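# Per-entry structural report
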Amino acid sequence: MTTSTDRRPRAALFDLDGTLVDTNYLHALTWWQALHQNGHDVPMARIHRAIGMGGDRILEHLLGAEHDHRRDQRLRDAHHALYAAWFDSLPVLDRAADLLRAIAARGLHVVLASSASSDEVRAIRSALGADDVISGATSADDVDRSKPAPDLVHRALALTGAAPEEAVFVGDTVWDVEAAARAGVPCVGLLTGGISEAELTAAGPVTVYRGPSELLRALDSSPLTRPAPQPRG
């Protein structure tokens, strides 16, 4: 008899920024510029640690619940304009596209689940050049709440028809791990987003790899190709 925890994954859900493309520090820089232009002095280290949240969450996280929300859209627009200048030169992490193709070749649905806006997701997909193996994608524009809420993970799962225990989420931040755990999906962590191994491990992923290339090399012994333990949290 096969139990739910014995099921092999049917779906691989991927974050984008810091997971498949090396853009977390670009986001930190452009958020810093947007905030600085509007009179907010926020250390870039704090901003970097907040990357992975969507625009609906990051400003309250950085500026506090009592800040003037009337200027939030202006700040989001400023960040978007600054970041969009990089759309034609987004750096893809080593072997990221090869990883997606290898996973799809093993029969899994590959779905992107990002807190980025829909046009940012389109730019990243263009940079990756792996649309031939991507089954679908979600963005912050598709849900009411972005990470660390589980909404994006739920939406991505719905695109695959897989149950939570039949999917694995791959991300690079504590927000990814938290969102996956809230959705009941095991998470594999990557260190390419600039979060320390100790901090990322403490958030509760089932395992951590240095980046897409290491995960690719270890793919056939990874949670993406064998039954994964249930997420903590």
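These lines cover the structure that appears in this document, whether it is placed above or below. Residue numbers restart at each chain and count upward from 1, following the sequence in its written direction. A pLDDT threshold of at least 70 governs which residues receive local features in this predicted model, and a stricter bar of 80 or more applies before side-chain atom pairs are shown or counted, although totals over entire chains, interfaces and linings include all residues. No hydrogens and no water enter the side-chain calculation; it runs on all heavy atoms of the structure.

### Quick notes on the nonpolar core
In terms of nonpolar packing, the biggest core is built from 35 residues, with F14, L20, L100, I103 and L224 touching the most fellow members. Only DSSP runs of H or I covering at least 4 residues are called helices, and only runs of E covering at least 2 are called strands; the numbering of each starts at the N terminus. Of all elements in the fold, only β1 (11-14), α5 (96-105), β2 (109-113), α6 (118-128), β4 (167-171), β5 (187-190) and α10 (212-217) reach the threshold of two or more residues within this core. Each nonpolar core is a collection of buried residues, namely Ala, Val, Leu, Ile, Met, Phe, Trp, Tyr and Cys, held together in the definition by side-chain atoms within 4.5 Å. Whether a residue is buried, partly exposed or exposed follows from its accessible area with a 1.4 Å probe, protein chains only, as a fraction of its type maximum: under 20%, in between, or over 50%, in that order.

### Brief notes about helix α7 (residues 151-160)
D151, L152, V153, A156, L157 and T160 are the residues of α7 that are buried. What makes two residues a contact is simply this: any of their non-hydrogen atoms within 4.5 Å. The inward-facing, buried residues of α7 abut β1, β2, β3 (136-138), β4 and α8 (174-182). Looking at the residues trailing α7, positive phi occurs at G161, about 75°.

### Quick notes on the environment of G204
Within the secondary structure layout, G204 lies in the loop between α9 (197-203) and β6 (207-209). Taking the C-alpha atoms as reference, G204 lies 9.0 Å from G189; in sequence the two are 15 residues apart.

### Focus: the pairing of β2
Regular strands place their side chains on alternate faces of the sheet. Buried residues dominate β2, accounting for four of its five residues. Should DSSP find at least two bridges between two strands, the strands are taken to pair. In terms of strand pairing, β2 meets β3 through three bridges, oriented parallel. Residue pairing across strands places L112 opposite A137, the latter belonging to β3. Seen with its strands pointing away from the viewer, a crossover is right-handed if its path from the first strand over the helix to the second goes clockwise. Once the chain exits β2 it traverses α6 before rejoining the sheet at β3, and the crossover so formed is right-handed.

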